[in-house]
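This is what each chain is made of:
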Amino acid sequence: MNEDLRNVVLGVLATGVSGSLGWLARTYLWRRALRRRQAFFGLRDGSECLLVVNRKAGSERAVHNVDVSALLELSALIKDCGARPEIVQHDEARQGLGDVTEFCVGGPYSNRRMAAHLSSLLPGLTMSVEPEPIADRSMFTVGGEVYRCVNGSTEYVVLARLTGGEGGRPVFLLCGQAAIANQSASRYLARHHEKLARTYGSGPFVLLLKVVNSDAYGPDVVELVADVTSAARTAPAPEPAAT
């Protein structure tokens, strides 16, 4: 074998080894990112996941078209983790917490399961379900602050990751003052889940988000208002008895 041929052979071998090492490194990084994502969402290959959704006002079975968009974005996240989503209507969900990962979408006025979650898991956060007065409709109260909805201009949504029950699987709450806010929360979760995982790990969090000028920007412009985890998970002190 002359020197030129030997150099060609060595170059081919070096290229092959380098390519194999690069492929192995990329595969390792991809698998590590997948495991972190699965740990954050409480999902694993082949597992099931509940998507609990409310019903569109005035309909027995239909889901609001904006909430459908939120469900599609959540389904993509779930499938990226190798899991299978199952959509369940809010009044048909008869399952405890912790056995499977759950995403619950919608406000307590139209989603009974969301109302139950807020009551049991977030005793320090309330959302008005009364139709009057109009200015207080869907108003959030947490940590002594109130957050009112101005349709098309300022809508708030709570995005939370919580755990309960014996199974240890998380429940994600996307509780918005309007359907557009629910979609904003799903999009925020899709975009920022890696950062949220770095910040909170597998622990709980409760974030208050604000959707800015949805009439112009749709669900895309979202601001983090506050981390209200402590206030939302702490039951308010009982009022002193009258003397």
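What counts and what doesn't
- Residues numbered from 1 in each chain as written.
- Predicted model: local features only at pLDDT ≥ 70, side-chain atom pairs only at ≥ 80, totals over all residues.
- Heavy atoms only, no water.
- 1 Å grid on protein atoms, 1.4 Å probe; cavity = no way out; pocket = protein on both sides within 12 Å on 5 of 7 lines; lining within 4 Å.
- Points joined across faces, edges and corners; volume = space filled by probe spheres on them.
- Helix = DSSP H or I, 4+ residues; strand = E, 2+ residues; numbered from the N terminus.
- Nonpolar A, V, L, I, M, F, W, Y, C, P; charged D, E, K, R; others polar.
- Pairing = 2+ DSSP bridges.
- Axes fitted to C-alpha atoms, helices over the stretch in contact; angles between N-to-C directions.
- Salt bridge = Lys/Arg side-chain N within 4 Å of Asp/Glu carboxyl O.
- Buried < 20%, exposed > 50% of the residue type's maximum accessible area, 1.4 Å probe, protein only.
- Core = buried A, V, L, I, M, F, W, Y, C linked by side-chain atoms within 4.5 Å.
- Contact = heavy atoms within 4.5 Å.
- Phe/Tyr/Trp six-rings, centres within 6.5 Å; stacked < 30°, edge-to-face > 60°.
- Lys NZ or Arg CZ within 6 Å of the ring centre and 35° of its normal.
- Patch = residues over 30% accessible without salt bridge, like charges linked within 9 Å, V, L, I, M, F, W, Y side chains within 5 Å.
- Areas by Shrake-Rupley, 256 points an atom, 1.4 Å probe, with all protein chains shown as cover.
- Lys, Arg positive; Asp, Glu negative; His and termini not counted.
- Charge placed at Lys NZ, Arg CZ, Asp CG, Glu CD.

Moving on: the layout of surface pockets. In this structure, the second largest pocket spans a volume of roughly 260 Å³. Lining the second largest pocket are 13 residues; nearest its centre among them are Ala-33, Arg-36, Arg-37, Glu-194 and Ala-197. Residue assignment for the lining of the second largest pocket shows that the elements contributing at least two residues are helix H1 (3-41) and helix H4 (179-200). By residue class, the composition of the lining of the second largest pocket is 5 nonpolar, 3 polar and 5 charged.

The 7 strands lie next to each other as E2-E1-E3-E8-E7-E9-E10, forming an open sheet whose pairing is mixed. Only two strands of the sheet have a single neighbouring strand rather than two, namely strand E2 (84-89) and strand E10 (222-227). The average angle at which neighbouring strand axes cross in this sheet is 20°, direction not considered. Relative to strand E8 (residues 170-176), strand E3 (residues 101-105) is paired through 4 bridges, and the arrangement is parallel.

Turning our attention to the pattern of salt bridges. Per the counting criterion, the structure on display carries 8 salt bridges. Where Arg-187 meets Glu-73, a salt bridge forms, and the shortest distance between an N and an O atom there is 2.6 Å. Taken together, the residues span a long stretch of sequence, with Arg-187 in helix H4 and Glu-73 in helix H2 (residues 65-80) at a distance of 114 residues. Pair check on accessibility: Arg-187 and Glu-73 agree, each one buried. One salt-bridge network, held together by shared partners, links Glu-73, Arg-187, Arg-191 and Asp-220.

Another aspect to go through is the nonpolar core. Counting 27 residues, the largest nonpolar core has Phe-41, Leu-74, Phe-103, Leu-174 and Leu-189 as the members making the most contacts within it. Secondary-structure elements contributing two or more residues to this core are H1, strand E1 (48-53), H2, E3, strand E7 (154-163), E8, H4 and strand E9 (205-212). If one sorts the elements of this core by residue count, H4 sits on top with 5 residues. Contact partners of Phe-103, with chain neighbours within four places excluded, come to Phe-41, Cys-49, Leu-50, Leu-51, Val-52, Leu-74, Ile-78, Phe-172, Leu-174 and Leu-189.

Okay, the packing of aromatic side chains next. Inspection of the entire model under this criterion finds 8 aromatic pairs. Judged by centre distance (5.0 Å) and plane angle (75°), the rings of Phe-40 and Phe-41 are edge-to-face. With a relative accessible area of 2%, Phe-40 lands in the buried category. Using a relative accessible area of 1% as the deciding quantity, one classes Phe-41 as buried. Between the aromatic rings of Tyr-200 and Phe-205, the centroid separation amounts to 4.9 Å while the plane-to-plane angle is 35°, which identifies the pairing as tilted. The buried category is assigned to Phe-205, whose relative accessible area is 0%. Members of the aromatic cluster, connected to one another through ring pairs, are Phe-40, Phe-41, Phe-103, Phe-172, Tyr-200 and Phe-205. Seen from the ring of Phe-40, Arg-161 lies directly overhead, with NZ or CZ sitting 5.6 Å from the centre.

With that out of the way, let us pick up the side chain of Ser-214. Turning to its location among the elements, Ser-214 is positioned in helix H5 (residues 214-217). What makes Ser-214 buried here is its relative accessible area of 11%. Ser-214 has contacts with Gly-152, Ser-153, Glu-155 and Ile-180, leaving out every residue within four places of it along the chain.

A surface patch of like charges, here positive, comprises Arg-32, Arg-36, Lys-195 and Arg-198. Contributions of two or more residues to the positive patch are made by H1 and H4. As for its placement among the helices and strands, Arg-36 is situated in helix H1. Its relative accessible area of 57% is what places Arg-36 among the exposed residues.

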